[in-house]
Amino acid sequence: MTFKLTQEQTETIQAVFDKQSPGNGNYDCWEGINKQLQSIDESDIRINEEGKEEIQIFYYKIAIPNESFSIEKVKVHRD
């Protein structure tokens, strides 16, 4: 079993990336997320209140046009 984003999480993140760089592909944005998902260490895994294993991944959310940013956190569970 692997850690995977849900369809809803994927669509939410993709909408953020589309707004940040419309028509530019977003390869670099997804590459960072995929690296996080592929480099999971046992110390990264937590057990949530429902007893499910989860990890947290992060991505930048840039506010256009002032280019301020926030770091967004997503909790990802094993499929």
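Conventions used here
- Residues numbered from 1 in each chain as written.
- Predicted model: local features only at pLDDT ≥ 70, side-chain atom pairs only at ≥ 80, totals over all residues.
- Heavy atoms only, no water.
- Helix = DSSP H or I, 4+ residues; strand = E, 2+ residues; numbered from the N terminus.
- Contact = heavy atoms within 4.5 Å.
- Areas by Shrake-Rupley, 256 points an atom, 1.4 Å probe, with all protein chains shown as cover.
- Pairing = 2+ DSSP bridges.
- Axes fitted to C-alpha atoms, helices over the stretch in contact; angles between N-to-C directions.

Participant: Report on the overall build of the chain, specifying residues and quantitative values.
Facilitator: Summing up its helical and strand segments, the chain has two helices and four strands in all. Put simply, the chain runs from its N terminus to its C terminus through helices and strands in the order β-α-α-β-β-β. Here the analysis covers contacts within the chain between residues at least 6 apart in sequence; of these, 44% occur between residues at least 24 apart. Accessible area for the chain stands at about 5,900 Å²; split by element, carbon and sulfur atoms hold 50% of it.

Participant: So what about the sheet that holds strand S1 (residues 3-4)? Which residues, and what values?
Facilitator: With antiparallel pairing, four strands are arranged side by side in an open sheet as S1-S4-S3-S2. Bordering the open sheet on either side are S1 and strand S2 (46-47), each of which pairs with just one other strand. Bridging between S1 and strand S4 (residues 68-78) involves two bridges; their strand directions are antiparallel. Within S4, the position partnered with Phe 3 by the bridge is Arg 78. Contacting S1, strand S3 (53-63) and S4, helix H1 (residues 7-20) crosses the sheet at an angle of about 20 degrees to S3.

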